[in-house]
Every structure is written in C-alpha cells, then in structure tokens.
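Tertiary structure, described
The lines below spell out each chain.
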Amino acid sequence: MNPENFADINRRSANAFHEQKRLIKQLLAGKTITCRHCGQALQAQLPSAHSDTTGYIRCAKGCTDIELEASLPGC
Ligand SMILES: [Zn+2]
C-alpha cells in the first residue's frame with residue numbers, strides 16, 4: 001500500500017467518525033434518520049457506563065449497524 005492510499009483511508013475513517021457523531025446528535029435531538037440503503041428509520045441505543053451495554057445505531061434490516069464506543073469524546 002502506498003502512502004497516498006493510506007492517507008485516503010485515514011481521511012475516510014475520520015469522515016465516518018464525524019458522520020457517526022452527526023447521526024447521534026440528530027437522533028438524540030429526536031430527529032428521524034433513515035438508513036441510506038433501505039430507507040428504514042434508524043434506531044439508536046446509547047452506550048451506558050453503568051451497565052456494559054454497547055451502544056449502536058442500526059436499521060430494521062441491519063444494513064446500517066454501527067457500534068458506538070463506550071465513551072464518545074466531546075459528548
Ligand atoms: Zn437499512
């Protein structure tokens with residue numbers, strides 16, 4: 001892998017991270033976000049520090065299935 005590809009991957013994962021944070025904020029604000037693949041409403045489960053619950057954002061069909069870190073920086 002050449003350095004250019006590597007930088008591109010880093011940029012893309014950073015974009016995905018910001019995309020996740022944006023989705024979480026909108027879901028927490030009570031907005032309905034639909035899956036970009038199937039158009040179903042996404043459901044959010046926030047990670048809990050008190051139980052070992054893993055947070056996620058996913059749609060009914062499962063084509064969007066994002067696991068959330070236990071602690072979100074800046075949240
Ligand atoms: Zn979907």
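Residues numbered from 1 in each chain as written. Predicted model: local features only at pLDDT ≥ 70, side-chain atom pairs only at ≥ 80, totals over all residues. Heavy atoms only, no water.

The next subject is the overall build of the chain. Along the backbone of the chain there are one helix and three strands. If you list the helices and strands of the chain from N to C, you get α-β-β-β. Put simply, the chain has 75 residues, and 19% of those count as buried. Within the chain, residue pairs in contact and separated by at least 24 positions form 23% of the contacts whose partners lie at least 6 positions apart. (Helix = DSSP H or I, 4+ residues; strand = E, 2+ residues; numbered from the N terminus. Buried < 20%, exposed > 50% of the residue type's maximum accessible area, 1.4 Å probe, protein only. Contact = heavy atoms within 4.5 Å.)

It is worth spelling out the pairing of strand β3 (residues 65–68) at this point. Burial along β3 is one-sided: the residues Ile66 and Leu68 are buried and none of Asp65 and Glu67 is. Relative to β3, strand β2 (residues 55–59) runs antiparallel, the two sharing four bridges. By the bridge assignment for β3, Ile57 is matched with Ile66. Here β2 folds back onto β3 in antiparallel fashion, the turn holding five residues, of which Gly62 has a positive phi close to 90°. (Pairing = 2+ DSSP bridges.)

The protein atoms donating to the zinc ion are Cys35 (SG), Cys38 (SG), Cys59 (SG) and Cys63 (SG), with metal-donor distances spanning 2.2 to 2.3 Å. Here the zinc ion binds four donor atoms, and the angle range of 106 to 114° at the metal identifies the geometry as tetrahedral. Here the donor residues of the zinc ion share one chain and are spaced in sequence as C-x2-C-x20-C-x3-C. Note that Cys35 is positioned in the loop between α1 (3–28) and β1 (42–45) and Cys63 in the loop between β2 and β3, a separation of 28 residues in sequence. Classification of Cys35 as buried rests on a relative accessible area of 3%. (Donors = N, O, S within 2.8 Å, 3.2 Å for Na, K, Ca; no water. Tetrahedral: all angles 85-135°; square planar, octahedral: opposite > 155°, others 65-115°.)

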